Amino acid sequence: MIQVYCIGHRQPDTDSIASAIGYADFKNRSEPGRYVAARCGELNAESRFALERFGAKAPVLVASVEPRLSDITYKPVFALPENVPTYDVAALMAKEGLRNVVITDSEGKPTGMIGEHALANAYIETLHLAELAVNPVPVETLARVLQAEVVVSAHPVLEGRVYIAIDALHVTLATMTAKDIAVVGDNEPAQLALVSAGIAALIIAEGAPVGERVRAAARQHGVSVLSTGLDAFGVGKMINLSLPAKERMEASVPILGCSETIAKARQVVAGSKFRAACVISPEGKLLGILTRTTLLDDVRRQVVLLDHNEASQAVPGIEEADVIGIIDHHRLGAITTLKPIRFENEPVGATSTIVARMYMESGLVPSKEVAGVLLCGILSDTLVLRMSTTTHQDKKAVAFLAKIAGEDYETLGVALLEAGMDLAGVPLADLLTRDTKDFELSGKKVLIAQVMVPAFSWNRERSAAIDQELEKLRAATGNDLAFALFTNVVENASDLYGAGDAGMLSALYGPELPTRLDGVMSRKKDFLPLLGEKLKKMGRV
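Residues numbered from 1 in each chain as written. Predicted model: local features only at pLDDT ≥ 70, side-chain atom pairs only at ≥ 80, totals over all residues. Heavy atoms only, no water.

Student: Lay out the packing of aromatic side chains with the relevant residues and their values.
Tutor: Taken as a whole and assessed by the stated rule, the structure comprises six aromatic pairs. Here phenylalanine 26 and tyrosine 359 contribute two aromatic rings whose centre-to-centre distance is 5.2 Å and whose plane-to-plane angle is 75°, an arrangement assigned as edge-to-face. Taken together, the positions of phenylalanine 26 in helix H1 (residues 14–28) and tyrosine 359 in helix H12 (residues 351–362) put the pair 333 residues apart, joining distant regions of the chain. On the basis of an interplanar angle of 70° and a centroid distance of 5.8 Å, the ring pair of phenylalanine 483 and phenylalanine 527 is categorised as edge-to-face. Of the two residues, phenylalanine 483 is situated in strand E21 (residues 481–488) and phenylalanine 527 in helix H20 (residues 523–540); the sequence distance between them amounts to 44 residues. Overall, phenylalanine 483 belongs to the buried group, its relative accessible area being 0%. On the basis of relative accessibility, which here comes to 2%, the residue phenylalanine 527 falls in the buried class. Members of the aromatic cluster, joined through ring pairs, are Trp458, Phe486 and Tyr497. Of note, arginine 516 hangs over the ring of phenylalanine 456, and the distance from its end group to the ring centre comes to 3.9 Å. When the ring centre of tyrosine 509 is taken as origin, the NZ or CZ atom of lysine 534, which lies over that ring, is 5.1 Å away. (Phe/Tyr/Trp six-rings, centres within 6.5 Å; stacked < 30°, edge-to-face > 60°. Helix = DSSP H or I, 4+ residues; strand = E, 2+ residues; numbered from the N terminus. Buried < 20%, exposed > 50% of the residue type's maximum accessible area, 1.4 Å probe, protein only. Lys NZ or Arg CZ within 6 Å of the ring centre and 35° of its normal.)

Have a look at this one:
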């Protein structure tokens, strides 16, 4: 199932968190488990209060929606355990037309890879007949690789050097030990001499007959006898293919975790001599093989944007995502999509209002938990229905949700705002970044922060420090202008602070900042449109 992330803007406020939770729950009623409530920033004090009040889980934190290896659907993996003979690896590659086979340990974790290059090396090395040897290998496995019959089985496992008996027999016998293996042709005296020497095994090549005297001697001296149709040279070529895969694999194969980005994976695969990489699970087990062909697929995470529609406010990586829906109540921004999408943008007080209306119109009833969180989202963005942005739709949604949540909305709203105004002990720099949004107005990059205060005396006592921190924030974010609204619900007004070009600030709001803006409660409706008009007029001058 392809999951869809329902995610709000950066520095998420309560409406952003609530609408993500509510919309994911609403969509999961018809497609269970597909929609995931997400966030791309830390929770503020107000949002934490809302979630704790109604026992709701916080949306999952998503630092970026840039596609990752976990978003790829992998084909069945051709992998073999490290103790299988190399011969079986070659057979699998030939049968399936593979260029590489992953080798895994007993827990299914990749330890290396055998590719065409490694097999070529194994084949070439067998031509040095004087250096042949076998590591511990079951006699049945060696027989299978050599297409041989086990005539006498004396040792279940063979280990030692392999001698091709082409020199004078006495020379060969002088160097062999009880662990070694001899390869001989149709020469019964030589066969008997080698068996009598007490070697580990005798391989009779070229389909030569194995006489009864040789069989009896082998049983007497505890020597295994194998008979194969291969000639001595063919036996030499195949011996190394009986070695376990771990002896032939290359351990330098790139390994990537499923959380790695596809952009990084492309770089790794392009730089690998295998032109491939192993993808592992968090437990280290093999998930799949990544090749250049795999990476040609257009993999994008599906996203629904809540409470915003501007790229500058969206989760990092949004340009690499597939935006399939936008639910918002702000001005139109600059998000573009690859195909038609569901786009609901309404001039109401909160995105949570739009989500609540979806439940009302569909006849579905949210749980107490979801209803309570959505209620907090509306009360937060409308300042308990006191903002100028408040509409009849917001009031209707509040009445619907308050009944399900079992709450008096005014009592809840006051408690919610008090939780959000908990300013004691919080550094001023943190307060200014709690609720910020970036805009581009008339070619100027503008940051607007908003802080709710219990009284204007709070910010007036700190005006010099606010000016300094606001300028630091503007410089750090690369904006042309930065503003901070310190808003008091009781006074129905905001104090405005600004940072940036002094001449521009003076032209916009006079020489003295901060200044009191009566009736300005909403950044979106009361402040932003007027600021946009002022900057537009300045651009014409």
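So much for the structure itself; the text now carries on.
Student: Provide a residue-level description of the packing of helix H7 (residues 188–196) against helix H8 (residues 212–221), including the pertinent values.
Tutor: Put simply, H7 and H8 touch, their axes get as near as 9 Å, and they point 10° apart. Here H8 runs roughly parallel to H7, going by the angle between their axes. In this structure, H7 uses Glu188, Gln191, Leu192, Val195 and Ser196 to contact H8, whose residues at the interface are Arg213, Val214, Ala217, Ala218 and His221. (Axes fitted to C-alpha atoms, helices over the stretch in contact; angles between N-to-C directions. Parallel < 35°, antiparallel > 145°, perpendicular 65-115°, else oblique. Contact = heavy atoms within 4.5 Å.)

Student: Any chance you could break down the confidence of the model for the chain for me, citing the residues and the numbers?
Tutor: The predicted model of the chain averages 89 in pLDDT, with 96% of residues at 70 or higher. Averaged pLDDT values for the elements of the chain fall to 66 in helix H4 (residues 116–125) and rise to 98 in H1. (pLDDT = per-residue confidence, 0-100.)

Student: Now, about the environment of alanine 182: what can you tell me, with residues and values included?
Tutor: You can see alanine 182 is positioned in strand E10 (residues 181–184). Considering only alpha carbons, one finds alanine 182 and asparagine 83, 99 residues apart in sequence, at a separation of 24 Å. Alanine 182 has contacts with Tyr163, Met176, Leu194, Ile199, Ala201, Leu202 and Ile203, leaving out every residue within four places of it along the chain.

Student: Can you explain the pattern of salt bridges? Please cite residues and give values.
Tutor: Evaluated as defined, the whole model comprises 24 salt bridges. Here arginine 462 makes a salt bridge to glutamate 461, at a shortest N to O gap of 3.8 Å. In this structure, arginine 474 engages glutamate 471 in a salt bridge whose closest nitrogen and oxygen atoms are separated by 2.8 Å. Taken as a pair, arginine 474 and glutamate 471 lie in helix H18 (residues 463–477) at a separation of three residues, close to a single helical turn. One continuous salt-bridge network, built from bridges that share partners, spans Arg342, Glu344, Glu346, Arg357 and Glu361. (Salt bridge = Lys/Arg side-chain N within 4 Å of Asp/Glu carboxyl O.)

Student: Describe the sheet that holds strand E9 (residues 157–164), with residues and values.
Tutor: In spatial order, the strands read E7-E9-E10-E11-E12-E8; together these six strands make up an open sheet with mixed pairing. A strand with exactly one partner marks an edge of an open sheet, and here the two such strands are strand E7 (133–138) and strand E8 (148–152). For this sheet, the mean inter-axis angle between neighbouring strands, taken without regard to orientation, is 30°. As paired strands, E7 and E9 are joined by four bridges and run antiparallel to one another. Bridged to alanine 133 within E9 is arginine 161. Packed on one face of the sheet, H8 meets E8, strand E11 (201–204) and strand E12 (224–228) and runs near 65° to E8. (Pairing = 2+ DSSP bridges.)

Student: Summarise the pairing of E11; cite the residues concerned and give the values.
Tutor: In regular strands, side chains alternate between the two faces of the sheet. Across the two faces of E11 the burial is the same, with Ala201 and Ile203 and Leu202 and Ile204 all buried. Summarising the sheet, E10 and E11 pair through four bridges and their orientation is parallel. Bridge assignment links isoleucine 181 to a residue of E11, and that residue is alanine 201. Viewed along the sheet, the connection from E10 through H7 into E11 turns out right-handed. One ladder, built from four bridges, connects E11 with E12; its direction is parallel. Across the sheet, the residue bridging to alanine 201 is serine 224, located in E12. The parallel pair E11 and E12, bridged by H8, forms a crossover whose chirality is right-handed. (Right-handed = clockwise from strand over helix to strand, strands pointing away.)

Student: Got a sec to walk through helix H19 (residues 502–509)? Specific residues and values, please.
Tutor: Turning to H19, its buried residues number three or more, namely Met504, Leu505, Leu508 and Tyr509. Projected onto a plane normal to the axis of H19, the buried residues spread over an arc of 100° and lie on a single side. Opposite the buried face of H19, by more than 90 degrees, sit the exposed residues Ala502 and Ala507. One side-chain oxygen at the N-terminal end of H19 lies 3.2 Å from the backbone nitrogen of glycine 503; it belongs to aspartate 501. After H19 finishes, the residue glycine 510 shows a positive phi value of roughly 85°. (Arc of directions from axis to C-beta. Polar contact = N/O pair within 3.5 Å; in protein donor to acceptor, adjacent residues only side chain to side chain.)

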